[in-house]
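A structural walkthrough
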Amino acid sequence: MAKTKELSKDTRNKIVDLHQVGKTESAIGKQLGLKKSTVGAIIRKWKTYKTTDNLPRSGAPRKISPRGVKMITRTVSKNPRTTRGDLVNDLQRAGTKVTKPTISNTLRRQGLKSCSARRVPLLKPVHVQARLKFAREHLDDPDEDWENVIWSDETKIELFGKNSTRRVWRTKNAELHPKNTIPTVKHGGGNIMLWGCFSAKGPGRLIRVKERMNGAMYREILSENLLPSARALKMKRGWVFQHDNDPKHTARATKEWLRKKHFKVLEWPSQSPDLNPIENLWRELKVRVAQRQPQNITALEEICMEEWAKIPATVC
């Protein structure tokens, strides 16, 4: 049966006003274009409750008792990776039979929503302190300083890559709480490894790393690509080079090579890829490449180079 449209408050009040001046239910119905039964129901409600406002509706009783709500809320607060199936089983053991959607609705009313767990670097206390120190030291750096940095990194691009996800129950703005994230470590089918760099002025060079990279190969990459990138980007005097604390980057020979070339290097806290804006550019590249759907490794490399070169300075 179709649900009838609810009468407006003005119409309900008008029914009562007409009734109070002596009009019959039939006459009121004809005047307002309403059924006699509808008019009668409004008048009876007014006589009983002295109001035409909507009264609180009880609705169907909750399937989960307040005690059960507390139990499942406490469970997911302790372990956000608890699945709905686990909670259904917990409640069933306690004598309450519910469905997974009921679990979702109940937790949503408690301010908890099922979300994909964020992947973040595995941080030890020493990493946390180093990151905080870096942030405090550079908190007030002007934009011009960051625009004079060449950012660099390596990344792996999958031919048909799919990132697995895990869901967690969390409150709003709690996506980076350690309990709601999946720790990852670096370097840990078909794919290619790339080295690239960029600045606020645009993308620098991008090259494919075909062999397992060691310190000597890394220094060769810098020798052939870093300075040409700086010249192409027309970096100002005193520009700064950024790379992370990968052992190849921090090797004594690499440090010595950078010193002899008079390259100024940005001091960088370990396990901090999320601080490097090139991560955003890698994502931009991967989205662009995925849209073109390369079918083999050769096409993947060609498309990576083409799309990298197309990234505008405004994005950088």
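Keep in mind that this is a model prediction, so the values were computed, not measured.

Next up on the list: a negative patch on the surface. On the surface, Asp 143, Glu 144, Asp 145 and Glu 147 cluster together to form a negatively charged patch. Mapped onto the fold, Asp 143 is located in helix H8 (residues 143-147). Taking the relative accessible area as the measure of exposure, Asp 143 reaches 54% and is therefore exposed.

Trans peptide bonds make up the majority, and among non-glycine residues the majority have a negative phi. Not every positive phi belongs to a glycine, and Lys 50 is a case in point at roughly 60°. Mapped onto the elements, Lys 50 comes out in the loop between helix H3 (36-49) and helix H4 (66-78). One non-glycine residue, Lys 234, adopts positive backbone phi at about 55°. Structurally, Lys 234 is set in the loop between helix H9 (215-232) and strand E8 (240-242).

The sheet built from five strands is open, its strands ordered E7-E6-E3-E8-E9 with mixed pairing. Across the chains shown, the open sheet's two edge strands, defined by having one partner strand only, are strand E7 (202-209) and strand E9 (264-265). For strand E6 (residues 191-199) and E7, the ladder comprises six bridges, and the chain directions are antiparallel. Looking at the pairing, Trp 195 lines up with Ile 207 of E7.

The next point concerns the domain arrangement of the protein chain. In terms of domains, the protein chain is made up of domain 1 (9-49), domain 2 (66-110) and domain 3 (126-164 + 190-315). On a C-alpha basis, the centroid separation for the pair domain 2 and domain 3 is 45 Å.

What follows is about helix H7 (residues 125-138). Note: α-helices contain 3.6 residues per turn, so residues at a spacing of three or four share the same orientation. Under the 1.5 Å per step criterion, the end-to-end length of H7 is 20 Å for 14 residues, consistent within 8% with the ideal 20 Å. For H7, the full list of buried residues reads His 127, Arg 131, Phe 134 and His 138. The arc that holds every buried residue of H7, seen down its axis, measures 60°, which confines them to one face. Among the exposed residues of H7, those oriented more than 90 degrees off its buried face are Pro 125, Val 126, Gln 129 and Arg 136. In this structure, the buried residues of H7 make contact with H8.

Following both chains from N to C, one finds H9 and helix H11 (residues 252-260) inclined at 20°, their axes separated by 9 Å at the closest point. With respect to H11, the element H9 is oriented roughly parallel. Between H9 and H11 lies a crossing of right-handed hand. The residues of H11 that touch H9, namely those facing Gly 215, Tyr 218, Arg 219, Leu 222 and Ser 223, are Ala 253, Thr 254, Trp 257 and Leu 258. For the contact of H9 with H11, the residue count by class is five nonpolar, three polar and one charged.

A separate point is the packing of helix H5 (residues 84-93) against helix H6 (residues 100-109). Two elements in contact, H5 and H6, have axes separated by 9 Å at closest approach and are oriented at 95°. Accordingly, the angle class assigned to the pair H5 and H6 is roughly perpendicular. The residues of H6 that touch H5, namely those facing Arg 84, Gly 85, Leu 87, Val 88 and Leu 91, are Lys 100, Pro 101, Ile 103, Ser 104 and Leu 107. Looking at the contact of H5 with H6 residue by residue, the classes come out as six nonpolar, two polar and two charged.

About the cut-offs
Residues numbered from 1 in each chain as written. Predicted model: local features only at pLDDT ≥ 70, side-chain atom pairs only at ≥ 80, totals over all residues. Heavy atoms only, no water. Patch = residues over 30% accessible without salt bridge, like charges linked within 9 Å, V, L, I, M, F, W, Y side chains within 5 Å. Areas by Shrake-Rupley, 256 points an atom, 1.4 Å probe, with all protein chains shown as cover. Salt bridge = Lys/Arg side-chain N within 4 Å of Asp/Glu carboxyl O. Lys, Arg positive; Asp, Glu negative; His and termini not counted. Charge placed at Lys NZ, Arg CZ, Asp CG, Glu CD. Helix = DSSP H or I, 4+ residues; strand = E, 2+ residues; numbered from the N terminus. Buried < 20%, exposed > 50% of the residue type's maximum accessible area, 1.4 Å probe, protein only. Pairing = 2+ DSSP bridges. Domains from an automatic or database assignment. Expected span 1.5 Å × (residues − 1). Arc of directions from axis to C-beta. Contact = heavy atoms within 4.5 Å. Axes fitted to C-alpha atoms, helices over the stretch in contact; angles between N-to-C directions. Parallel < 35°, antiparallel > 145°, perpendicular 65-115°, else oblique. Left-handed = near helix turned anticlockwise from the far one by under 90°. Nonpolar A, V, L, I, M, F, W, Y, C, P; charged D, E, K, R; others polar.

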